[in-house]
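Fold and contact review
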Amino acid sequence: MTLATVRGMKDILPPESARWTELEGLFRAHAVRYGFLEIRTPLLERTELFARAVGETTDIVEKEMYTFTDRSGESLTVRPEGTAPVVRALLNHRADAGEWPARFFYIGPMFRHERPQKGRLRQFHQFGAEAFGTDSPYADAEAVAFLHGFLAAAGLAGVSLEINSLGDPECRPAYLDALASFLAAKEGELCDDCRRRAGRNPLRVLDCKAERCVRATADAPSILDFLCGPCRDHFHGVESALASSGILFSRNPRMVRGLDYYRRTTFEFVIPGMGAQNTVAAGGRYDGLAEMLGGRERVPAIGFAVGVERLLMLLGEGRAAGPSAEAYLVVATPALLPEAFRRKMELSACGVRADMDYEGRSVKSQFRRADRSGARVVLVFGEDEAHRGAVVYRDMERGLQEEIPAETAIRRLCDREKKEE
RNA sequence: GUGAGUGUAGCUCAGUUGGCAGAGCACCAGACUGUGGCUCUGGCUGUCGUGGGUUCGAUCCCCAUCACUCACCCCA
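Now for a description of the structure that goes with this document. Per chain, residue numbering runs from 1 following the sequence as it is written. Written order decides the labels, with chains lettered from A and ligands numbered from 1. Note on the predicted model: pLDDT of at least 70 is required for a residue's local features to be given, and 80 or more for side-chain atom pairs to be given and counted; whole-chain, interface and lining totals, by contrast, use all residues. Heavy atoms throughout the structure, all of them, feed into the side-chain values; hydrogens and water do not.

Topic: the overall build of chain A
Within chain A, the regular secondary structure consists of 16 helices and 16 strands. In this treatment the radius of gyration is a C-alpha quantity, and the globule benchmark scales as 2.2 Å times the residue count to the 0.38 power. For chain A, whose C-alpha radius of gyration is 29 Å, the value lies well above the compact-globule estimate of 22 Å for 421 residues. Projected onto the principal axes, the alpha-carbon positions of chain A cover approximately 95 × 50 × 50 Å. The classification of residues rests on relative accessible area computed with a 1.4 Å probe and restricted to protein chains. Under 20% of the type maximum is buried, over 50% is exposed, and intermediate values are partly exposed. Scored against the burial criterion, the 421 residues of chain A give a buried share of 49%. Throughout, a residue-residue contact means that at least one pair of heavy atoms, one from each residue, lies within 4.5 Å. The long-range share in chain A, meaning contacts at least 24 apart out of those at least 6 apart in sequence, stands at 69%. Charge centroids of chain A, computed over 58 positive and 61 negative side chains, lie 3 Å from each other. Only DSSP runs of H or I with at least four residues qualify as helices, and only runs of E with at least two residues qualify as strands; both kinds are numbered from the N terminus onward. In this tally, Lys and Arg are treated as positive and Asp and Glu as negative; His is ignored, and so are the chain termini. Note that the charge is assigned to NZ on lysines, CZ on arginines, CG on aspartates and CD on glutamates.

Next comes the structure, spelled out in structure tokens:
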């Protein structure tokens with residue numbers, strides 16, 4: 001029996017868990033501002049959903065999914081990404097989805113069986129958002145603005161936004177042909193991986209970090225030069241909507257996405273100099289996905305996902321944990337435990353974070369604990385005071401104390417709590 | 001899936017050219033009678049990742065294995 005977590009999985013303990021809750025709250029708040037409502041989909045889906053949506057030949061589907069056969073013989077997969085389930089849910093509950101545009105956000109874990117490393121886990125978490133039912137470049141700009149606003153509010157500095165267009169089924173084939181023949185001519189200059197990729201997924205070659213490949217593809221044809229009229233108009237529409245919203249970005253015609261369903265707009269928020277896992281958040285348009293999944297009508301859509309672990313990593317350690325208690329009850333003799341405990345419950349009930357020691361430790365030790373808990377007030381329950389129905393009320397910051405009736409002490413603490421609310 | 005590095009107390013790490021395992025922090029207790037933070041004193045804590053091998057003897061050398069970390073790949 002080992003007590004270690006499964007490879008690539010992480011326990012999130014205090015105080016870190018508080019940072020998670022805080023960030024989730026911030027994301028929710030921003031989502032609501034931009035008109036997105038929460039959707040919660042199951043962690044398990046039929047394997048086929050991801051195979052079709054993400055792409056049979058992507059790494060995710062080929063070798064990274066947690067797939068198993070359940071007791072009824074059906075092949076199920078623990079979700080490796082969030083978009084496909086949301087689209088599935090939308091198509092399934094079309095009638096309940098409401099008026100277009102339908103905008104959803106989600107928060108939750110994703111699972112991919114990869115080799116863990118910095119900023120990459122097997123169970124990782126994403127904040128995501130998807131907007132359905134509109135082709136408009138404004139929808140793209142809106143999603144980017146939401147993401148941008150959230151990242152800024154989270155305190156992330158030094159991010160840059162890169163955007164690109166991957167075209168659509170009208171214009172992309174021509175580009176892929178042009179790129180393929182360009183790469184064929186340069187074959188000798190490419191790294192081994194890229195020679196292999198050139199045939200199968202030529203776009204990937206543009207994303208290669210190997211020096212020789214970067215050089216070889218320096219003057220490769222740009223997708224942006226191949227966009228058909230509607231795609232070009234759309235791309236320019238996104239650019240001007242972003243520009244007029246005051247959001248800075250740069251074009252990156254070499255940007256590639258790992259999932260097959262993307263069309264037209266793609267974007268990434270990257271941190272320069274962060275190394276291998278420098279993408280904090282990314283997204284794009286996927287107008288064809290609904291039909292790929294068997295939907296009757298075309299449902300244009302745009303979405304993104306934020307890597308929560310990566311974001312937290314970039315935000316740094318954050319502030320230290322605050323006080324764990326506001327008031328500490330010190331018991332001079334075990335005989336007074338029942339009385340102290342009853343008072344502690346009263347404090348909890350009125351919202352005061354109170355703590356005490358149940359182990360019968362020395363008064364000195366209890367004070368040490370009180371100090372460490374950060375409590376600003378200590379109530380001492382002693383025999384003499386108890387005869388008078390009183391306790392010692394000690395202000396830990398000033399080091400002053402007085403004997404007052406127990407009722408008064410409790411009321412004082414509870415009143416103070418109310419004032420601070 | 002490939003490569004490299006690391007694995008010793010709760011934490012950070014030292015260590016032995018192979019001979020009963022250490023420090024700091026943390027924790028516990030005490031420094032006159034029921035009072036914290038500072039200081040001082042004392043104390044507790046280890047399958048030296050796991051399994052084999054070499055050896056009189058292995059935490060140290062060798063092999064394997066697992067885990068972690070970083071990089072590649074890929075991606076959030």
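Picking up where we left off.
What about a nonpolar patch on the surface?
A cluster of nonpolar side chains, contributed by L43, L44 and F68, occupies part of the molecular surface with about 230 Å² of accessible area. Structurally, L43 is set in the loop between β1 (37–38) and β2 (44–46). Note on patches: the residues involved have over 30% relative accessible area and no salt bridge, like charges join within 9 Å, and the nonpolar side chains Val, Leu, Ile, Met, Phe, Trp and Tyr join within 5 Å. Residue exposure ignores everything except the shown protein chains as possible cover, and the areas themselves are Shrake-Rupley values with a 1.4 Å probe. Salt bridge, as applied in this entry: a Lys or Arg side-chain nitrogen positioned within 4 Å of an Asp or Glu carboxyl oxygen.

A few points about helix α6 (residues 172–186)
Each residue after the first adds 1.5 Å to the expected span of a helix. Between its first and last C-alpha atoms α6 spans 21 Å; for 15 residues at 1.5 Å apiece the expected length is 21 Å, and the two agree. Along α6, the positions that sit buried rather than exposed are R172, Y175, L179, F182, L183 and K186. What you see down the axis of α6 is that its buried residues fit within an arc of 95 degrees, all on one side. Residues of α6 that are exposed and point over 90 degrees away from its buried face: D177, A184 and A185. Those residues of α6 that are buried are in contact with α7 (192–200), α8 (202–206), α9 (211–216) and β9 (263–270). To obtain the arc, one takes the directions from the helix axis to the C-beta atoms.

Description of unusual backbone geometry
The residue after P14, namely P15, is reached through a cis peptide bond having omega 0 degrees. Residue placement: P15 occurs in the segment before α1 (16–33). Backbone geometry places R264, a non-glycine residue, at a positive phi of 55 degrees. Summarising the element assignment, R264 is placed in strand β9. Take R264: its relative accessible area is 11%, and that puts it in the buried class.

Points about the protein's contact with RNA strand B
For this description, a residue counts as near a given molecule or strand if any of its non-hydrogen atoms is within 4 Å of it. The full set close to RNA strand B counts 46 residues, and R7, R120, R204, G258 and V380 are the nearest of them. What you see for RNA strand B is that sugar and phosphate hold 55% of its atoms within 4 Å of the protein. One of the side-chain nitrogen or oxygen atoms of Q117 is found 2.9 Å away from a phosphate oxygen of RNA strand B. The definition of a polar contact used here is a pair of N or O atoms within 3.5 Å, where within protein one atom must be able to donate a hydrogen and the other to accept one, and adjacent residues in sequence count solely through side-chain atom pairs. In the model, a base oxygen of RNA strand B is placed 2.9 Å from a nitrogen or oxygen of the E385 side chain. Put simply, the parts of the chain that give the surface near RNA strand B at least two residues each are α3 (59–64), β6 (123–132), α7, β10 (279–285), α14 (363–373) and α15 (383–387). At 8 residues, the largest contribution of residues to the surface near RNA strand B is made by α14. Nonpolar residues are Ala, Val, Leu, Ile, Met, Phe, Trp, Tyr, Cys and Pro. Charged residues are Asp, Glu, Lys and Arg, and all others, Gly as well, are polar. Its residues assigned to classes, the surface near RNA strand B shows 11 nonpolar, 13 polar and 22 charged.

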